[in-house]
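Survey of secondary and tertiary structure
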Amino acid sequence: MQELKRSALISLWFVFLTFPIMVVKVNSIEKTVQWRWMNVVYVLVGSFVLSLLFRYFLYRKEQQSGEDEQQGDNTGRSLIHRLLIVPKYRNMIYGVLLGTAVVFPFLTSSYQVNIMTTALMYVVLGLGLNIVVGLAGLLDLGYVAFYAVGAYSYALLNYHFGLGFWAVLPIGGLLAAMFGILLGFPVLRLRGDYLAIVTLGFGEIIRLVLENWGGFSQGPSGISNISRPGFFGIELSLEMAIVYIYYLMVLFVIVTIFLVNRLQDSRLGRAWIALREDEIACQAMGIDKIKTKLAAFSLGALWAGIIGVVFAAKTTFINPASFTFLESAIILSIVVLGGMGSIIGVIIGALVLILLPEYLRALSEFRMLAFGAILVCMMVFRPQGIIASIRRTYTYKPRNRDEA
């Protein structure tokens, strides 16, 4: 009965919060107000049932965690991790995903290909930020600044000097990495909330400079008629260019996954993880904290700069409004939702966060409400992310006297 009362109070409170959205509909053209009272009943009943289900699953989760502690099951390996450990299943999954990616443009429309290209761009951005936040434990809220550096590098070099996509691609990445090092130096002594505030300010400084320095960046008007990527001098139509950029992003995702995975398993990757776990202990073990942090900032920014160049080439128009704090928040949400430090989790998190709002358009004005509810449920039942990063452990089993 106590749970029923709580669910009833929650449903009433939810009706009150959603009343302006669900009940009141204003027609500004005819200057009339439509009252949709049946939506009150739908919200009341729906939120009451969902609250009961929410409490039931939360109770089951607590029971399951208690049973795991009693049984000593703390491996945390999900079904995907268990499948990827076996080489046969791993190669089968990789083959299916690669085959699906190759034939995807031939099975869907240009609109769907364009959406998937955007999702793949956010996959690479999420993997880049995962180095800074997920591995090194440095909370960066200004990651979009490096994204803007790459985009404006291509736009300005193409506008003033006529340089093409492939010539500017490494330049944009290197310029963003340099800005990552410039950001890293002032924040070497900062951590936690203070680090987040400084990086947030850095992102806003870059955006405001681009918006107000009209002689350099064309100001709020932006830069248009940016050249699309070339293919051996062949002139591509709009649909062919969309498919071409899609395949480029598939290639970039594969290369990024390979490199980030190698970095994660390298000596530098282990230093990042040690820095994330305990900065003082990391320094006491002889790890150079300054070089480790600067490497994380610069390598994370490198991928943002490269995708910034791709973004400018894809849209052929950029302005400072494309690089607001909301973009940094979305990329950070991808890392947190997918699983900090987990490559597979970040990929799934990017696909969910970018594709789900598009495919919830059938819910019209309620799609962001449904999207927010999904995220809240996800954070309650999977706070470690969709695919949590597995902490590597080493077990020593001494041989008994007979074997010796």
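Residues numbered from 1 in each chain as written. Predicted model: local features only at pLDDT ≥ 70, side-chain atom pairs only at ≥ 80, totals over all residues. Heavy atoms only, no water.

As for the overall build of the protein chain
In terms of regular secondary structure, the protein chain is built from 16 helices and 2 strands. Looking at the protein chain as a whole, 40% of its 404 residues qualify as buried. With an accessible surface of roughly 23300 Å², the protein chain has 66% of that area assigned to carbon and sulfur atoms. (Helix = DSSP H or I, 4+ residues; strand = E, 2+ residues; numbered from the N terminus. Buried < 20%, exposed > 50% of the residue type's maximum accessible area, 1.4 Å probe, protein only. Areas by Shrake-Rupley, 256 points an atom, 1.4 Å probe, with all protein chains shown as cover.)

Notes on helix 7 (residues 165–184)
Taking 1.5 Å as the rise per residue, helix 7 with 20 residues should run 28 Å; its terminal C-alpha atoms sit 28 Å apart, in good agreement. In this structure, the buried side of helix 7 is in contact with helix 6 (144–161), helix 8 (193–212), helix 10 (238–265) and helix 13 (289–315). (Expected span 1.5 Å × (residues − 1). Contact = heavy atoms within 4.5 Å.)

Focus on the confidence of the model for the protein chain
Within the protein chain, residue pLDDT values average 84, and 89% of them lie at 70 or more. At the level of individual helices and strands, the protein chain shows its lowest average pLDDT in helix 3 (residues 79–85), which scores 70, and its highest in helix 6, which scores 94. (pLDDT = per-residue confidence, 0-100.)

A look at the pattern of salt bridges
Using the criterion set out here, one finds 5 salt bridges in the structure. Across the pair Arg207 and Glu211 runs a salt bridge whose closest N-O atoms are separated by 2.9 Å. A residue pair is termed a helical-turn pair when its members lie 3 or 4 positions apart in one helix, as Arg207 and Glu211 do in helix 8 at 4 residues. Its salt-bridge partner being Glu279, residue Lys293 comes within 3.3 Å of it at the nearest N-O pair. You can see Lys293 sitting in helix 13 and its partner Glu279 sitting in helix 12 (residues 279–284), a full 14 residues away along the chain. Across the pair, exposure class does not vary: Lys293 and Glu279 are buried alike. Each of Glu204, Arg207 and Glu211 takes part in salt bridges that share partners, so that together they form one network. (Salt bridge = Lys/Arg side-chain N within 4 Å of Asp/Glu carboxyl O.)

Quick look at the nonpolar core
Core analysis: the largest hydrophobic core is formed by 90 residues, its most contacted members being Ile318 and Phe323. The element that contributes the greatest number of residues to this core is helix 5 (residues 110–135), accounting for 16 residues. Those residues in contact with Phe323, other than ones at most four positions away along the chain, are Val144, Tyr147, Ala148, Ala151, Tyr152, Arg207, Phe311 and Ile318. (Core = buried A, V, L, I, M, F, W, Y, C linked by side-chain atoms within 4.5 Å.)

A short note on the packing of helix 7 against helix 13
In the contact formed by helix 7 and helix 13, the axes pass within 7 Å of each other and the chain directions differ by 145 degrees. As for how helix 7 packs across helix 13, the hand of that crossing is right-handed. Residues Phe165, Val168, Leu169, Gly172, Gly173, Leu174, Ala176, Ala177, Gly180, Ile181, Leu183 and Gly184 of helix 7 pack against Leu294, Phe297, Ser298, Ala301, Leu302, Gly305, Ile306, Val309, Val310 and Ala313 of helix 13. Here the residues of the contact of helix 7 with helix 13 sort into 16 nonpolar, 6 polar and no charged. (Axes fitted to C-alpha atoms, helices over the stretch in contact; angles between N-to-C directions. Left-handed = near helix turned anticlockwise from the far one by under 90°. Nonpolar A, V, L, I, M, F, W, Y, C, P; charged D, E, K, R; others polar.)

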